[in-house]
Every structure is written in C-alpha cells, then in structure tokens.
Amino acid sequence: MEQEGRLRPSLAPGLASATPEPQQKPCPGAAMRDPGFIAVRARSFLFRVYLVGFLDLFGVSMVVPLLSLHAKSLGASPIVAGIIGSSYGILQLFSSTFMGCWSDVVGRRVSLLVCILFSALGYLLLGVSTNVFLLALARVPVGIFKHTLSISRALLSDLVAEKERPLVLGQFNTASSMGFILGPMVGGYLTELDGGFYLTAFTCFSVFLLNAGLVWLLPWSETKLNSSTNGLRLNKKHTLLGKILQGTATVPMATTNEQPAKQPWLQVPSVLQDMRSLLFSEMWHIFLVRLLMGVAVMLYYSNYVLALEDRFGVQPKTTGYLISYSSALGALAGFTLGPILSLYKHNSHRVLLHSSTLTCMLLLLYATAHTMAVVVFSSTLLSFSTAIGRTCVTDLQLSMGGTQASGTVIGLGQSVTAVARIIAPLLSGVAQVVSPCGPPILGGALAMVAIFLMSLNTPHCSGDRSGKLKHE
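Residues numbered from 1 in each chain as written. Predicted model: local features only at pLDDT ≥ 70, side-chain atom pairs only at ≥ 80, totals over all residues. Heavy atoms only, no water.

*Asks:* Can you tell me about the overall build of the protein chain, naming the residues and giving the values?
*Replies:* Helix and strand content of the protein chain: 20 helices and 2 strands. Counting only residues that meet the buried cut, the protein chain has 51% of its 472 residues in that class. Within the protein chain, counting contacts between residues at least 6 apart in sequence, those at least 24 apart form 82% of the total. Carbon and sulfur atoms form 67% of the exposed surface of the protein chain, whose accessible area is close to 21,900 Å². (Helix = DSSP H or I, 4+ residues; strand = E, 2+ residues; numbered from the N terminus. Buried < 20%, exposed > 50% of the residue type's maximum accessible area, 1.4 Å probe, protein only. Contact = heavy atoms within 4.5 Å. Areas by Shrake-Rupley, 256 points an atom, 1.4 Å probe, with all protein chains shown as cover.)

*Asks:* Talk me through the nonpolar core; I want residue IDs and the actual numbers.
*Replies:* Core analysis: the biggest nonpolar cluster contains 100 residues, and V63, Y123, L126 and L156 have the highest contact counts within it. In terms of residue count, the dominant contributor to this core is helix α3 (residues 35-63) (11 residues). (Core = buried A, V, L, I, M, F, W, Y, C linked by side-chain atoms within 4.5 Å.)

*Asks:* Requested: an account of the packing of aromatic side chains, with residues and values cited.
*Replies:* Summed over all chains, the structure comprises 10 aromatic pairs. A ring pair is formed by Y300 and Y366, whose centres lie 5.0 Å apart and whose planes are at 80 degrees; its orientation type is edge-to-face. With Y300 in helix α13 (residues 284-302) and Y366 in helix α17 (residues 348-367), this residue pair connects regions lying 66 residues apart in the sequence. Both residues of the pair, Y300 and Y366, belong to the buried class. Members of the aromatic cluster, each reached through a chain of ring pairs, are Y300, Y301, Y304 and Y366. Directly above the ring of W216 sits R109, whose terminal nitrogen or CZ lies 4.4 Å from the centroid. Positioned over the ring face of Y366 is R311, at 5.3 Å from the centre of the ring. (Phe/Tyr/Trp six-rings, centres within 6.5 Å; stacked < 30°, edge-to-face > 60°. Lys NZ or Arg CZ within 6 Å of the ring centre and 35° of its normal.)

*Asks:* Please set out the pattern of salt bridges residue by residue, giving values where relevant.
*Replies:* Scanning all chains against the criterion turns up 4 salt bridges. Here D158 ties to R108 by a salt bridge, and the two come within 2.6 Å at their closest N and O atoms. In this pair, D158 sits in helix α8 (residues 148-159) while R108 sits in helix α6 (residues 108-127), placing the two residues 50 residues apart along the sequence. Given the relative accessible area of 1%, R108 is considered buried. Each of D104, R108 and D158 takes part in one network of salt bridges that share partners. (Salt bridge = Lys/Arg side-chain N within 4 Å of Asp/Glu carboxyl O.)

*Asks:* Mind laying out the confidence of the model for the protein chain, listing which residues take part and the relevant values?
*Replies:* Of all residues in the protein chain, 74% have pLDDT values of 70 or greater, and the mean over the chain is 76. Helix α11 (residues 240-248) is the least confidently modelled element of the protein chain, averaging 39 in pLDDT, while α17 averages 94, the highest of any element. Within the model, pLDDT remains below 50 along residues 1-25, and this stretch shows 7 contacts once partners closer than five positions in the same chain are excluded. (pLDDT = per-residue confidence, 0-100.)

*Asks:* Quick one: what's the story with unusual backbone geometry, residue by residue and with numbers?
*Replies:* For K345, which is not a glycine, the phi torsion comes out positive at approximately 55 degrees. Position of K345 among the secondary structure elements: in the loop between α16 (337-343) and α17. Of note, H346 is a non-glycine position whose phi angle comes to about 60 degrees, a positive value. Within the secondary structure layout, H346 lies in the loop between α16 and α17.

*Asks:* Now, about the packing of helix α5 (residues 78-106) against α6: what can you tell me, with residues and values included?
*Replies:* Relative to each other, α5 and α6 sit at 135 degrees, their axes nearing to 7 Å. When the interaxial angle is binned, α5 and α6 end up oblique. Between α5 and α6, the contacting residues are M99, G100, W102, S103, D104 and V106 on the first element and R108, V110, S111, V114 and C115 on the second. Class assignment for the residues of the contact of α5 with α6 results in 6 nonpolar, 3 polar and 2 charged. (Axes fitted to C-alpha atoms, helices over the stretch in contact; angles between N-to-C directions. Parallel < 35°, antiparallel > 145°, perpendicular 65-115°, else oblique. Nonpolar A, V, L, I, M, F, W, Y, C, P; charged D, E, K, R; others polar.)

*Asks:* Just give me the short version of the packing of α13 against helix α19 (residues 406-434), but keep the residues and values in it.
*Replies:* Contact pair α13 / α19: the axes reach a minimum separation of 8 Å and the direction vectors enclose 40 degrees. Relative to α19, the element α13 lies oblique. With respect to the hand of their crossing, α13 and α19 are arranged in right-handed fashion. Across the contact of α13 with α19, the residue classes tally to 13 nonpolar, 6 polar and 2 charged. (Left-handed = near helix turned anticlockwise from the far one by under 90°.)

*Asks:* Describe in detail helix α10 (residues 196-217), supporting the description with residues and values.
*Replies:* For α10, which comprises 22 residues, the first-to-last C-alpha distance of 32 Å matches the rise-based estimate of 32 Å (1.5 Å per residue) to within 8%. Regarding α10, the residues found buried are G196, F197, T200, A201, C204, F205, V207, F208, N211, A212, L214 and V215. (Expected span 1.5 Å × (residues − 1).)

*Asks:* Give me the lowdown on a nonpolar patch on the surface, citing residues and values where you can.
*Replies:* On the surface, I90, F94, I422, I423 and L427 cluster together to form a nonpolar patch covering roughly 410 Å² of accessible area. Of all the secondary structure elements, the ones that give two or more residues to the nonpolar patch are α5 and α19. Considering each element in turn, the nonpolar patch owes the most residues, 3 residues, to α19. By secondary structure assignment, the location of F94 is in helix α5. When its relative accessible area of 62% is taken as the criterion, F94 is described as exposed. (Patch = residues over 30% accessible without salt bridge, like charges linked within 9 Å, V, L, I, M, F, W, Y side chains within 5 Å.)

*Asks:* Quick rundown of helix α14 (residues 304-312)? Include the residues and the values.
*Replies:* Burial in α14 covers these residues: Y304, A307 and L308. For α14, the angular spread of buried residues about the axis comes to 95 degrees, placing them on one side. Positive backbone phi, at 70 degrees, marks G313, one or two positions downstream of α14. (Arc of directions from axis to C-beta.)

If you want it as structure tokens, here you go:
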C-alpha cells in the first residue's frame, strides 16, 4: 500500500492534492542507527564496564587492609600470616594467564561471571572464618578467580579502536582506583562496629554479588561485532560502539564463531601454546620491562610507612593520609592520558620510555630526600608516572600480541606482575638491612635497566596508529 501511495501522484497528478499520500511509517531500526542514539548507548556501555571495575576494587579494598589483623586475632603467627598472604600472589601467578586464555575461548561474559561469583564465594568463606584453616581456604578461590579487572580490560580491548585503547584503559583504571580510595574508608568504619571484620567481609560478598548482576545485565546481545566490518566513528573517538551498539558486534574469540565451542576446555592447551610463543617472541622485552618496573615500584611502597617513620618521624596515620593522597592522584592520572597521547602522537612506547625515566628519577629523589616537602613532591609525580606507565605497557602488549588473544596477553602480563609481587618483598628485606633508603635505590637501579631495554628495543608498532578497528 505504501508503494501504491508513492506511485499515485505520478499516475494521476490531478489527484495528488485530493488524495493525500499515506504517512510513511518510520523504520523500527532507524532510531537504532541514529548517531546520537549510538553515542548515548556507547557511553552507557563504557560507563557500565567502568562501574564493574569500580565495584571490584571497592569491595576488595574494604577487606584486604584488615587481613593481617584478622589473622593475628585468630592466633596465626607472623610466619603463617605471611604464608597466607603470599598464597594469593602464588595462585595469581599460575591462574592469571590461564583465566585470560579461558576468557578468549569461552567469551568475556561467561568468564567475568565465573570470576566474580567464585571471588564472592571466597569472601563469603572469609566472613565465616573462625580459624586459620578457614582463613587460608578463603584465599584459594580469590587467588584463582580474582581476574575481573584483567578480563574487563580484555573486553575493552576487544571493542575499542587501537588508537583510542590507551585512553579508554586509562579511564577504566581511574574508575577502578576510585573504588580503591573509597573502599578502605567504608571498611574502616565497619570494622569499628561489633563483629566488624565479619560484617566487612559479608559487605564485600554483597558487593561482588551486585557486580555479578551488573555484568549479567550488560547489553551483551548488542555487543556482537562482525570482525570483517568497520565500526562507525563515535564522536570521532570510540570506534566501538558504532556497530557494537547497533547489534552487529561480538566480543572476539568464543563469540566470533557462529557456533560457540562445545568443549572450550579442549581449546585451552592450544592457547597456552600460543602463550608460550608470546613469551619467546619479540614481546619478551615488554614483559621484562613490566617485571622490572613492577618490582621497582613495589620496592618503593614495600617499606614506605617504616622508612618515613625512621627517617622523618612521621606517624603511620599521617603516612596513611599521604598514601590516600597519592592514590587519588593516580586515579586522576587517567584523565591526563588523552592530552599526553595526543602530544606523543599515540606513540605508547615513547610515553612508556619517558614515564619510566621520570619514575626512575623520582625514586632516586625520594631515596635521597632530606625533607618531607621533597617526599611529598616525589610522591605526587610518582602517582602520575606510574599510573601512565601501567596503562602504556598494557597497550603495548596488546598492540604487539595480535588481535586474537587479548585475554591471554593481559593474563600473561598479570602473571608477570604476580612474579614481581613475589620477588619485591624478598629484595626489599635484603635492601632494608643495608639502609632504610635501600629499597627505593634498588628500585631506581632496576628502572634504569628497564629504560636501557626500551632504548635498545623499539617495537615497529609504536607510532601513529590508525583509528580503524583492530579486527580489520
């Protein structure tokens, strides 16, 4: 009928004014293709993923600062408490890469839900831990499955354009860091109530359940990306979400196939083999740089409270305020990534090189500081340099690691960070015997080695990157 209405004026012009043309009904999908509508859906999707990261660290940071006190209240010796604390890093060392591989195989939604729910189980066990055995048992599911942030970064990497990836990852890190700033405040308040630790653990459990619900409600059916097509530009920035939020986007790996893998675990060995090839590819120096810079920064924080008390007589409460101040600045650093990347023409390698150089200089400045003003100055700039460096090293891994296993690449990077967590306390103990300034001086020396490696190995992918989707 609509077609007849359109033909009628041309067949009988005299009837054109007497016979009105039927009103054309808007296409149901027209609104979905409107650029303004797509922009709103794009921002909404990103905001929800950022909220996942915020809730994750918000819940964790309520409990983690209280673990040592809880272990002591249960009668655990310092050695046993240290072993329980180290168990998390050891489990993360082996599980990070594996869970990243698994997310590449089964998809981001399933892996995110599994990680969040099993982590929630760990904090539930923590909430009923009345002896040291239950406390140690509660750390097992958390150590194995606490990879929400890594998989969320892999999800964002799947969706955004390569050129915009550092900016989006920086904003995600900022949102997550805000959770880490607010969590200890809430945890400290709850701890002062009767049964404070158990109440805090159950609150953390509830936050993780809320996060699982948020992941479940994400518009996954609208994030199906046809990897053979280009994404639309969104506000000249996020290539994501043009096709993604129109319902033609799919999160890669498991969801790029029309039929999901029926036996995904059988595919993991092949992905692990790819991981092994990644380690011995041209990316080896990026992973080594990540290890060296991770150890360097952890050495700086390892004896921070004790060093300031020995060197300047600063009370732990004041040091805690300084740490919160530094954390807040680190969160704000995500907003500076856009201008910095534009200044460097999106050359992540150069940004990482220069931020690592600045970190090295600031570590040495802190180690030789004679006044608290110099300490505050170095801590302020370190918050920015380390936050920017973390984002850029992740972006370099993804740029050099290819498009088919972003979860594997990010998971492998997390395993490298876990190694740093194991090495740093040992090196810190040895260096601290020599001097309270020993750990940051050693950290500065390791940062110099990392800078030297980056100067010798300039990846071919660093440079101006197009705004095209990496799936092309």
